[in-house]
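Chain by chain, the residues run as shown.
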Amino acid sequence: MADSGSNDLVKSVKNTSDWMSNLPENLHNLPLNTLAIPGSHNSFSYALDLASELGPDGNNTLQQISHNPLIGSIVKKVAFNWSVTQSLSFKEQLQAGIRYFDLRSAKRKKDNDYYFLHGLFGPKIADSMAEVNQFLAEHPKEIIILDFNHFYEMDYNDHEIVLSILMSIFGEKICFRQMGVCDISLKSLWEKHQQVIIIYHQEDIVTHYHQLWPGGAIQSPWPNTMDTHKLIGFLTTGYTNVRPDEVFYVFQGVMTPDDSTVFKHLVQGSIKKHCAEKINQTFIAWLQDRNIGRNGINICMVDFFEIVDFVQAVISLNMKHKVSSN
């Protein structure tokens, strides 16, 4: 759970709870995949549980070592430091303006319930989504994208249980797959009182649920590097390349620690210190020269977004479109 220390972070983040509803009218009819939308990477990781077992998404050898009574706690501490990518809760992220959520899910053998995870288990899916739904009820013109893109130890029946949870919580707020991605605009969603777009990367399930969008509805190229120049070059290539109209597109401003980075900073290292603090400001500087629109900036995703003015930098790109359209 987010501790009381997160309160200081919340105070430093501008409250942009209603930024979508406050956008200029000339943006209301634009496809949602042509607007700049701030997102968080491994959005749930603020609540990873250090006391939990290592998740099934991790290294098998490390999972076995973690059960060793002598060094197991050390292994889990290292895994924790290199798995946490956010400091703020779902509610706090929403209040700060985050509208895209990157989600990894698993069934936990301990209690046969469903959790978010990244290296370690985090919050229960049901509890987290209820928190999100409460925010949406209080902010009826804010739209979110839930990207369920990794699943672990879940069979068809497990997926159906998770989806029943999502349907029960969000109900009529869910945007149905009856239109193309490029037909989704703020106005079209507001008219139907829909606020939630669920992208679910499990094709055999998606075909049976018109409330779900397939993984093919979004492209999220992974830079997979610790090199700043390579990452910016990767993003620039993604920005300049022509892409399909019928997809959301994620610009991942995130560094991925390689083995040498982790071992070099094994005890004191973390994603925040050695990745986010290294790239976030550079990513914002890169964004300043970009534009929204067809083949422009769409979803932007980082770790620890609050350490820089990331959300405002992304939202402001939409204002540039307002100026250029006059």
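Residues numbered from 1 in each chain as written. Predicted model: local features only at pLDDT ≥ 70, side-chain atom pairs only at ≥ 80, totals over all residues. Heavy atoms only, no water.

**Some remarks on the environment of Lys107**
Point 1. Relative to the helices and strands, Lys107 is located in strand S2 (residues 100-108).
Point 2. You can call Lys107 partly exposed: its relative accessible area is 23%.
Point 3. Those residues in contact with Lys107 that sit more than four places away from it in its chain are Asn112, Asp113, Tyr114, Tyr152, Glu153, Met154 and Asp158.
Point 4. Polar side-chain contacts of Lys107 include one of 3.2 Å to the side chain of Asp158. (Helix = DSSP H or I, 4+ residues; strand = E, 2+ residues; numbered from the N terminus. Buried < 20%, exposed > 50% of the residue type's maximum accessible area, 1.4 Å probe, protein only. Contact = heavy atoms within 4.5 Å. Polar contact = N/O pair within 3.5 Å; in protein donor to acceptor, adjacent residues only side chain to side chain.)

**What about the packing of aromatic side chains?**
Point 1. Applying the stated criterion to the full structure yields 14 aromatic pairs.
Point 2. Ring geometry for Phe116 against Phe148: centres 6.1 Å apart, planes inclined by 35°, an arrangement best described as tilted. With Phe116 in strand S3 (residues 113-118) and Phe148 in strand S5 (residues 144-152), this residue pair connects regions lying 32 residues apart in the sequence. Across the pair, exposure class does not vary: Phe116 and Phe148 are buried alike.
Point 3. With a centroid separation of 6.4 Å and an interplanar angle of 25°, the aromatic rings of Phe283 and Phe310 are classed as stacked. Of this pair, Phe283 sits in helix H11 (residues 271-287) while Phe310 sits in helix H12 (residues 310-324); the two residues are 27 residues apart in sequence, bridging distant segments of the chain.
Point 4. A relative accessible area of 0% means that Phe310 is categorised as buried.
Point 5. In this structure, Arg108 is placed above the aromatic ring of Tyr115, and the distance from its NZ or CZ to the ring centre is 5.0 Å.
Point 6. The residue whose ring lies beneath Arg243 is Tyr249, and the NZ or CZ to ring-centre distance is 4.4 Å. (Phe/Tyr/Trp six-rings, centres within 6.5 Å; stacked < 30°, edge-to-face > 60°. Lys NZ or Arg CZ within 6 Å of the ring centre and 35° of its normal.)

**Brief notes about the nonpolar core**
Point 1. Grouped together as the largest cluster of nonpolar side chains are 98 residues, with contacts concentrated most on Met129, Ile197, Tyr200 and Phe310.
Point 2. Ranked by residue count, the leading element in this core is H11, at eight residues.
Point 3. Each residue touching Tyr200, except ones within four places of it in the same chain, is listed here: Phe148, Phe151, Met154, His159, Val162, Leu163, Ile205, Val206, Leu212, Trp213, Pro214 and Gly215.
Point 4. Tyr115, Leu117, Phe121 and Tyr152 belong to the second-largest nonpolar core, a separate cluster that totals five residues. (Core = buried A, V, L, I, M, F, W, Y, C linked by side-chain atoms within 4.5 Å.)

**With respect to helix H6 (residues 156-170)**
One full turn of an α-helix is made of 3.6 residues, so residues set three or four places apart face in the same direction.
Point 1. With 15 residues, H6 should cover 21 Å at 1.5 Å per step; its first-to-last C-alpha distance of 21 Å lies within 8% of that length.
Point 2. After H6 finishes, the residue Gly171 shows a positive phi value of roughly 50°. (Expected span 1.5 Å × (residues − 1).)

**What about the pairing of S2?**
Point 1. Extensive coverage of S2 is indicated by the burial of eight of its nine residues.
Point 2. Pairing of strand S1 (residues 37-40) with S2 involves two bridges; the strand directions are parallel. Residue pairing in the sheet places Gly39 in a bridge with Tyr100 of S2.
Point 3. One ladder, built from seven bridges, connects S2 with S5; its direction is parallel. Among the inter-strand pairings, Leu103 is bridged to a residue of S5, identified as Phe148.
Point 4. Linking two consecutive strands that pair antiparallel, namely S2 and S3, is a turn of four residues; a positive phi of about 60° is found at Asn112 within it. (Pairing = 2+ DSSP bridges.)

**Let's talk about the pairing of strand S4 (residues 120-124)**
Side-chain direction in a regular strand flips from residue to residue, so the side chains alternate between the two faces of the sheet.
Point 1. With four of five residues buried, S4 is to be regarded as a mostly interior element.
Point 2. Looking at chain direction, S3 and S4 are connected through three bridges and run antiparallel. Across the sheet, the residue bridging to Tyr115 is Lys124, located in S4.
Point 3. Counted between consecutive antiparallel strands, the loop separating S3 from S4 contains one residue, among which Gly119 sits at a positive phi close to 80°.

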